[in-house]
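# What the coordinates show
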Amino acid sequence: MVKLVEKGPLKLSAKLLETSGFSLKDFEIAIGKLAIEEEWEPLGPTPFPSIASLRDWDHILLKRYKPLYMPFCDLCCLCTFGKCDLSRDKRGACGLNMAGQQSRIVLIACCIGAATHTAHARDLVEKLIERYGRDHPINIGGEYIYVEAPITRLVCGIKPKTLGDLEDVLDYCEKQIAQLLSATHTGQEGDNIDFESKVFHAGMIDHVALEIADIAQISALNFPKADPEAPLIDLGIGNIDISKPVIMCVGHNVIPTTGIIDYILDNNLDGKIEVVGLCCTAWDTSRYSPKIGKIVGPISWQLRFIRTGIPDVIIVDEQCVRTNLIEEARKINAILIATSDKNCQGLPDLTKEDANDVVNKLLNGGIPGALIFDREKVGEVAVKTAMALAPKRFNLKIFPIKEKEWIVSQAKKCKQCRECERACPNNLQIAFAMKFASNGDFSKLSNLYDYCVGCGRCESACPEDLPIITLMNKASEETIREEKFKCRTGRGAIRDTEIRKVGRDIVLGTIPGVIAFVGCANYANGGREVVEMVEEFLKRRYIVVASGCSAMTIGMYKNSEGKTLYEEYPGDFDAGCLVNVGSCISNSHISGAAIKIANIFAKRNLRANYKEIADYILNRIGAVGVAWGAMSQKAASIASGFWRLGVPVIVGPHGSKYRRMLLGRKENKEDWMVYDARTGEKVYVGPVPEHLFYAAETKEEAMVMIAKLCMRANDTPQGRAIKLTHYVNLYRKFYGVLPEDLPMFVRVEADIPITMKDEIVSFLKEKGWEEKVIPDPTLLKEKVVKKIG
């Protein structure tokens, strides 16, 4: 088979061209792109799909997983008609009803997320091309990776080989996002299911952009290349040597930080300065330089860390950066340098000024910070400024001038109005802790440290302007000093060889599932819950994958032997292993792994063959995403990319504030009918997986749901018995009885776990259970081998 790939541009020039009919002198012909044929898979039905190309697949999913809306507000205020009341089936001036409005808001959120990732990818690719050239090869795993860009192959139908090839893919992403966003304008889409279909499209585009961004930086910046033994690195504030100058980097775009590390290495300053990171820039810094880059913690640690007074210079790039860090930097006499045109922080653009002049301006206090777009200049200015500033700030580090008497005096100002508690998303008992602190007992204040998500809303609400987070920090000083952990830096993609090894067991169900803990750190009850869930499923020999801030949280707790889960479990993509793929954009390797199972193990064609691959994943691959602290629009778009592939996502208690779920109705038998691809008959397979988007209120509820959502229609009896063992075991552990819906998941007697057989058989008889057929399942009528009739 052949494929068409675009190459170019091509230029032809000549001094003279003569034919019998005409002559040309000193001419040049430029051809933008050349099409060259190359052997590959046959082209599938949906290359570069438009916003409606996969609509039929989306409608199949949305017929089964119906949107449930929980609107914050009954009004729409997006146009000059003013406030339109959409309650009780009313329609607005444009004709839109509440379901349409709610799904429109979800689409806007996902467009924001997809646009953010796409813009990030564009910035990365352009800067890397500028530095390494358009012909720099894509290499994310050497001999271990043949399917280097599974999502791009699946969606676009092309196989990128160089950085330059990635630009064409981003062109497509940007066009699709513009189309999707235009659909939210007044007088465009009106049907909520078609809005939801576009939400899925935004998510799919988001995953393409994620993949482009990460394969570009892995290839050009020499990050770990699909390495299960990626280095163990330092995590936690306690690992920072505060006697040295400290540069703090926060955001998602690692390019400016690479300038800092290169400057340090080029000037033999390694070991003389600390470079620490928060959020995804931290992961990618450690992937660029495991020796120099240290991780402070997840996104929520921004205020907490700055209030320690430790950072001398704060570098902000893009995404998830707290927007008032310039004020926070001023409070501790630190310098802030902004590096992204998406996040200028009101600072003067000093990109074209001499680096030494910029440093002098910053040190002399003339300006609180600077905006610098040049990578090398960011490195030089940040390092020189930090080294000059650190000796003057040393006494400010670790809680500037704050003695315990100061905590008492501040706590005594608390009027016990509890405005802070009403503002706190986790309802922390701050006023209660302040009362104890005013009497010199800081234990209650310290106990809040693990549960605070660092949003700062308590301080904004406090009528006394108390620095509540700083007080928590001071009360938890000993805890902070002991924050010394080890975690495995992001390994990148899953090897093709690993897929070959485990693909069969995943599809048959004998590996009970692949669980991905991803997303932000907006935890309702602290990060320990994430660690407890991860450990539970590692012990049960699921494959556990992690990324972003969740991957950091997993490394922030130790067992009785003083080891983190990263030190305790191997990093292979295999049963009972813990795989850290990297930053948020590395989520593409998780969806990519599911796609590669269909391609490498099951030999399904990948190229522009989205519906068949998604149908395969939905019915055969027991994968579940868990975004326990999901917070942002990016988290929404990442989740929607998984939904279109048929991978369910569970969010934690705060996730219900997305105000829309995708829930199956297990009691509706018709919703769970599939085609048997061998006979064409429609067969009931039970509610597998039961939901696409589900919010759990407790970690116990989540763990039971995770085990349940890993069941798939294609499970063999042996695989289903293993999955049922975990589901029943967890359900009984937390609820004390057998699950009422158990008969829906037992198809034949061989599905029943041997160790529970007598009890379950008796239970099934009571419920009037009947044996069911195990089909070769598909939701796509065109995939039936023997046609009906």
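Everything below is about the structure printed above this text.
In short, a report on the structure. (Residues numbered from 1 in each chain as written. Predicted model: local features only at pLDDT ≥ 70, side-chain atom pairs only at ≥ 80, totals over all residues. Heavy atoms only, no water.)

### Remarks on the packing of helix H20 (residues 528-539) against helix H26 (residues 699-709)
Using the following cut-off: In this analysis, axes come from line fits to C-alpha atoms, helices being fitted only over the stretch in contact, and the angle between any two N-to-C directions falls in the range 0 to 180 degrees. A run of H or I in DSSP becomes a helix once it reaches four residues, and a run of E becomes a strand once it reaches two; helices and strands are each numbered from the N terminus. Here is the rule for handedness: rotate from the far helix to the near one, and if that takes an anticlockwise turn smaller than a right angle the crossing is left-handed, while a clockwise turn gives right-handed. Two residues form a contact once any of their heavy atoms are found within 4.5 Å. Three categories are distinguished: nonpolar for Ala, Val, Leu, Ile, Met, Phe, Trp, Tyr, Cys and Pro, charged for Asp, Glu, Lys and Arg, and polar for the others, with Gly belonging to the last.
Where H20 contacts H26, the axes come no closer than 11 Å and their chain directions differ by 35°. Judged by the sense of rotation from one axis to the other, the crossing of H20 with H26 is right-handed. When H20 is examined against H26, the residues Glu529, Glu532, Met533, Glu536 and Phe537 are found in contact with a partner set consisting of Lys699, Ala702, Met703, Ile706 and Ala707. Broken down by class, the residue content of the contact of H20 with H26 amounts to 6 nonpolar, no polar and 4 charged.

### Section: the side chain of serine 632
Rules: Any N or O atom pair separated by 3.5 Å or less is treated as a polar contact, with the protein-specific requirement of one donor-capable and one acceptor-capable atom, and with residues adjacent in sequence counted only for side-chain atom pairs.
Relative to the helices and strands, serine 632 is located in the loop between strand E19 (623-627) and helix H25 (633-644). Engagement of the side chain of serine 632 in a polar contact is seen with the backbone nitrogen of lysine 634, the distance being 3.2 Å. Residue contacts for serine 632: discarding those within four places in its chain leaves Cys520 and Tyr658.

### A few points about the sheet that holds strand E23 (residues 682-684)
Put simply, the rule reads: At least two DSSP bridges between two strands are needed for those strands to be called paired.
Taken together, the 3 strands give an open sheet; going across it, the order is E23-E22-E25, and neighbouring strands pair in antiparallel fashion. Of all the strands in the sheet, just E23 and strand E25 (777-778) have a single pairing partner and so form its edges. As judged from the 2 bridges shared by strand E22 (residues 673-676) and E25, these two strands associate in the antiparallel manner. Paired with tyrosine 675 across the strands is threonine 778, a residue of E25.

### Quick look at the sheet that holds strand E24 (residues 691-695)
The strand order E5-E21-E24-E20-E19-E16-E17-E18 describes an open sheet built from 8 strands, whose pairing is mixed. The two strands at the open ends of the sheet, each matched to only one other strand, are strand E5 (65-69) and strand E18 (578-582). Averaged over all pairs of adjacent strands, the angle between strand axes in this sheet comes to 25°, irrespective of strand direction. Summarising the sheet, strand E17 (residues 543-547) and E18 pair through 4 bridges and their orientation is parallel. Following the sheet pairing, alanine 546 is matched in E18 by asparagine 580. Across the sheet, H20 touches strand E16 (514-517), E17 and E18, and the angle it forms with E16 is around 165°.

### A look at the environment of phenylalanine 693
Here phenylalanine 693 is to be found in strand E24. Each C-alpha atom, one on phenylalanine 693 and one on proline 648, is 5.9 Å from the other, the two residues being 45 residues apart in sequence. Among all residues touching phenylalanine 693, those that are not within four sequence positions of it are Trp643, Val649, Val651, Tyr658, Arg660, Met661, Leu662 and Leu663.

### Comments concerning the packing of aromatic side chains
What counts here: Put simply, two rings from Phe, Tyr or Trp (the six-membered ring, in Trp's case) pair if the centres are within 6.5 Å, and we call them stacked under 30 degrees between planes, edge-to-face over 60, tilted for the rest. The buried label applies to any residue whose accessible area, calculated with a 1.4 Å probe on protein chains only, is under 20% of its type's maximum; exposed applies above 50%, and partly exposed to all values in between.
Tallied over the entire structure, the rule returns 10 aromatic pairs. Geometrically, the ring pair formed by tyrosine 658 and phenylalanine 693 is tilted, given 6.4 Å between the ring centres and 55° between the ring planes. Of this pair, tyrosine 658 sits in the loop between strand E20 (649-651) and strand E21 (660-664) while phenylalanine 693 sits in strand E24, and the two are 35 residues apart along the sequence. Look at tyrosine 658 and you get partly exposed, because its relative accessible area is 23%. Ring geometry for tyrosine 727 against phenylalanine 745: centres 5.8 Å apart, planes inclined by 80°, an arrangement best described as edge-to-face. Of the two residues, tyrosine 727 sits in helix H27 (residues 717-735) while phenylalanine 745 sits in helix H28 (residues 742-745), which places them 18 residues apart along the sequence. Like phenylalanine 745, tyrosine 727 is buried.

### Points about H27
In plain terms, the rule: To estimate the expected span of a helix, subtract one from its residue number and multiply by 1.5 Å.
Here H27 is 19 residues long and its end C-alpha atoms lie 26 Å apart, about the 27 Å a rise of 1.5 Å per residue gives. When we look at burial in H27, the residues that qualify are Gly719, Arg720, Ala721, Lys723, Leu724, His726, Tyr727, Val728, Leu730 and Tyr731. Where H27 is buried, its residues contact helix H19 (496-508), H20, H26 and H28.

### Description of the pattern of salt bridges
Note the threshold: Salt bridges are identified by distance alone: a Lys or Arg side-chain nitrogen within 4 Å of an Asp or Glu carboxyl oxygen.
This model, assessed by the stated rule, comprises 55 salt bridges. With a closest N to O distance of 2.6 Å, aspartate 194 and arginine 55 form a salt bridge. Of this pair, aspartate 194 sits in helix H5 (residues 192-221) while arginine 55 is found in helix H1 (residues 55-64), placing the two residues 139 residues apart along the sequence. A relative accessible area of 38% places arginine 55 in the partly exposed class. Several salt bridges share partner residues, and in doing so they unite Arg131, Asp262, Arg375 and Glu376 into one network.

### Here we look at the packing of H26 against H27
This is how it is decided: Angle categories: roughly parallel below 35 degrees, roughly antiparallel above 145, roughly perpendicular from 65 to 115, and oblique for all the rest.
In contact at an axis separation of 8 Å, H26 and H27 are set at 165° when each is read in the N-to-C sense. Taken together, the axes of H26 and H27 lie roughly antiparallel to each other. Read as a crossing pair, H26 and H27 show a hand that is left-handed. For the pair H26 and H27, the contacting residues are Glu700, Glu701, Met703, Val704, Ala707 and Lys708 in the first and His726, Tyr727, Leu730, Tyr731, Phe734 and Tyr735 in the second. Its residues assigned to classes, the contact of H26 with H27 comprises 8 nonpolar, 1 polar and 3 charged.

### Let's talk about helix H17 (residues 468-475)
The periodicity of an α-helix, 3.6 residues per turn, causes residues three or four positions apart to be oriented the same way. For H17, the tally of buried residues reaches 8 of 8 residues, placing the bulk of the element in the interior. Regarding H17, the residues found buried are Ile468, Ile469, Thr470, Leu471, Met472, Asn473, Lys474 and Ala475.

### Let's talk about the side chain of threonine 118
As for its placement among the helices and strands, threonine 118 is situated in helix H2 (residues 98-132). Accessibility expressed as a relative area gives 2% for threonine 118, which makes it buried. When neighbours within four sequence positions are excluded, threonine 118 is seen to be in contact with Leu170, Cys173, Glu174, Ile177 and Ala209.

### Brief notes about the nonpolar core
Soluble globular proteins tend to pack their nonpolar side chains together in the buried interior. What counts here: Throughout this description, the term nonpolar core refers to a set of buried Ala, Val, Leu, Ile, Met, Phe, Trp, Tyr and Cys residues connected via side-chain atoms within 4.5 Å.
Residues Ile247, Ile260, Phe517 and Phe573 are the most contacted members of the largest nonpolar core, which totals 230 residues. In terms of residues, this core owes the most to one element, H5, which gives 15 residues. Those residues in contact with isoleucine 247, other than ones at most four positions away along the chain, are Ile260, Ile273, Glu274, Val275, Val276, Val313, Ile315, Ala382, Val383 and Ala386. Ranked by size, the runner-up nonpolar core spans 23 residues in total, among them Cys424, Ile430, Ile468 and Met472.

### Some details on unusual backbone geometry
For the bond running from valine 688 to proline 689, omega is -15°, close enough to zero to count as cis. Position of proline 689 among the secondary structure elements: in the loop between E23 and E24. Phi is positive for arginine 88, which is not a glycine, with a value near 50°. Along the chain, arginine 88 falls in the loop between strand E7 (84-85) and H2. For arginine 88, a relative accessible area of 71% corresponds to the exposed category. Positive phi values are uncommon outside glycine, yet aspartate 89 reaches one of about 65°. As for its position among the elements, aspartate 89 is in the loop between E7 and H2. On the basis of relative accessible area, aspartate 89 is assigned to the exposed category, the value being 77%.

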